[in-house]
Amino acid sequence: MDLSASIGSLRLENPFLTASGTFGYGTDLDGVVDLSLLGGIVTKSVTLRPREGNPPPRICETPAGMLNSIGLENCGLETFASRKLPSLAALPTKVLVSVAGESADEYAAIVERLAYEDAVDGFEINVSCPNVKSGTSFGSDPRLAGSLAARLRRISRKPMIVKLTPSAPDIVEVAKACASEGADGAVVSNTFPGMVIDAKTRKPAVANVTGGLSGPAIRPLALCLLYRVHRSLPEFPLIGSGGICSVEDAAQFFMAGASAVQIGTANFFDPDLLNRLAGDLEEYLAEQGLADFRSLIGSVRLPV
Ligand SMILES: Cc1cc2nc3c(=O)[nH]c(=O)nc-3n(C[C@H](O)[C@H](O)[C@H](O)COP(=O)(O)O)c2cc1C
């Protein structure tokens, strides 16, 4: 069965990727996940300089989800390039490096440094982190997002996917700006802003006070956003992200218009899921009488 997927110039063996920040730098789950069964992995977001992230507690369980305020903790560009990248070159799957920055210059410096690295199959441009100051400003403003995409496009021809934020006043306009400036596709979307307060102590559950909500709780919200973007930009490849925990969840995103999906929070409670998804998709397609998963994309049956 043909499970291959395309996101602009990026070719994947199948439409299943890991979501940034939930799978380390790709090798952390060695022995747990068979990476050859995945379409690709997305690294933890990399910033120009190392970041310690926000103070703990940074994670809290919520009904059908989790709240996190990690705050982009990562080892920084140079350590990533010298210590992490060499082991990524040998992985039997595509590797997308998630790039985050506080200014266009920072994003540009990271893409420039990695543009000719063979281990890097493409970039995911994170303009949507809710847990850092100014983290969502690029993703909230179509003009800023478009000019960032245009600048990065001039630096590298490698596949470039922009990860959008649900906090944008109009996510469709941000997607349009990125598409028109040469992005290969977009991830819809990052976590939703959320908050939990301990009713006894009156303290917020995460020290950063607010965080990003992920997991099944946000699935219908992310699905709705992706559907809206796909309706306005049917030719622009989209990757679904938000609460996907099974092949049936993934199928909903394909039907709404996604060409691939990412698995995030589910990795924490079902680390074997990534080993099963490609096989589960084949079974699902057989049940549906389909030979090619791409026939699912945008196939939602709307009321007439
Ligand atoms: C602990 C944690 C850390 C995350 N770190 C990042 C990150 O560094 N960069 C990023 O773009 N998204 C990050 N995300 C967001 C996920 O990649 C994903 O888009 C989001 O959690 C929604 O998908 P899910 O419900 O399947 O987890 C993080 C999510 C979690 C739960």
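Each value, and the rule that gives it
Residues numbered from 1 in each chain as written. Predicted model: local features only at pLDDT ≥ 70, side-chain atom pairs only at ≥ 80, totals over all residues. Heavy atoms only, no water. Axes fitted to C-alpha atoms, helices over the stretch in contact; angles between N-to-C directions. Helix = DSSP H or I, 4+ residues; strand = E, 2+ residues; numbered from the N terminus. Parallel < 35°, antiparallel > 145°, perpendicular 65-115°, else oblique. Left-handed = near helix turned anticlockwise from the far one by under 90°. Contact = heavy atoms within 4.5 Å. Nonpolar A, V, L, I, M, F, W, Y, C, P; charged D, E, K, R; others polar. 1 Å grid on protein atoms, 1.4 Å probe; cavity = no way out; pocket = protein on both sides within 12 Å on 5 of 7 lines; lining within 4 Å. Points joined across faces, edges and corners; volume = space filled by probe spheres on them. Salt bridge = Lys/Arg side-chain N within 4 Å of Asp/Glu carboxyl O. Buried < 20%, exposed > 50% of the residue type's maximum accessible area, 1.4 Å probe, protein only. Expected span 1.5 Å × (residues − 1). Arc of directions from axis to C-beta.

Asker: Lay out the packing of helix H6 (residues 219–232) against helix H7 (residues 247–256) in plain terms, naming residues and giving numbers.
Answerer: Between H6 and H7, the least distance of the axes is 8 Å, while the angle of their chain directions is 20 degrees. For the element pair H6 / H7, the angle class is roughly parallel. Here the hand of the crossing between H6 and H7 comes out right-handed. Residue-level inspection shows Arg219, Ala222, Leu223, Leu226, Tyr227 and His230 of H6 in contact with H7, the latter providing Asp249, Gln252, Phe253 and Ala256. Along the lines of polarity and charge, the residues of the contact of H6 with H7 split into 6 nonpolar, 2 polar and 2 charged.

Asker: Could you give an account of the layout of surface pockets, with specific residues and numbers?
Answerer: The calculated volume of the largest pocket comes to roughly 540 Å³. In this structure, the largest pocket is lined by 36 residues; those nearest its centre are Ser20, Gly21, Thr22, Asn68 and Thr191. Counting residues per element, the ones that place at least two in the lining of the largest pocket are strand E6 (65–68), strand E8 (122–126), strand E14 (260–263) and helix H8 (266–269). Grouping the amino acids of the lining of the largest pocket by side-chain chemistry returns 13 nonpolar, 20 polar and 3 charged.

Asker: Give a description of empty space enclosed by the protein that names residues and reports values.
Answerer: Inspection of the entire model under this criterion finds 1 cavity of 30 Å³ or more. In this model, the largest cavity occupies a volume close to 30 Å³. Of the residues belonging to the lining of the largest cavity, the class tally is 8 nonpolar, no polar and no charged.

Asker: Account for the pattern of salt bridges, with residues named and values stated.
Answerer: Tallied over the entire structure, the rule returns 15 salt bridges. Note that Arg58 and Glu73 form a salt bridge whose closest N and O atoms lie 2.4 Å from each other. Placement of Arg58 in the loop between strand E4 (40–42) and strand E5 (59–62) and of Glu73 in the loop between E6 and helix H1 (77–88) is noted, with a sequence separation of 15 residues between them. When its relative accessible area of 19% is taken as the criterion, Arg58 is described as buried. Connected through salt bridges with shared partners, the residues Asp2, Asp292 and Arg294 form a single ionic network.

Asker: Describe unusual backbone geometry, listing the residues and the values that go with them.
Answerer: A cis amide bond links Pro56 with the next residue in sequence, Pro57, at an omega value of -5 degrees. With an omega of 0 degrees, the peptide bond running from Val188 to Ser189 counts as cis. Within the secondary structure layout, Ser189 lies in the loop between strand E10 (185–188) and strand E11 (192–194). A positive phi is found at Ala64, a non-glycine position, where the angle reads about 55 degrees.

Asker: I'd like a description of H6, backed by residues and values.
Answerer: For H6, with 14 residues, the first-to-last C-alpha span of 20 Å sits near the 20 Å given by 1.5 Å per residue. All of the buried residues in H6 are Arg219, Ala222, Leu223, Leu225, Leu226, Val229 and His230. The buried residues of H6 all sit within an arc of 165 degrees when viewed along its axis, so they share a single face. Of the exposed residues in H6, the ones pointing more than 90 degrees away from its buried face are Pro220 and Arg231. Packed against the buried residues of H6 are helix H5 (171–180), E10, E11, strand E13 (238–241) and H7.

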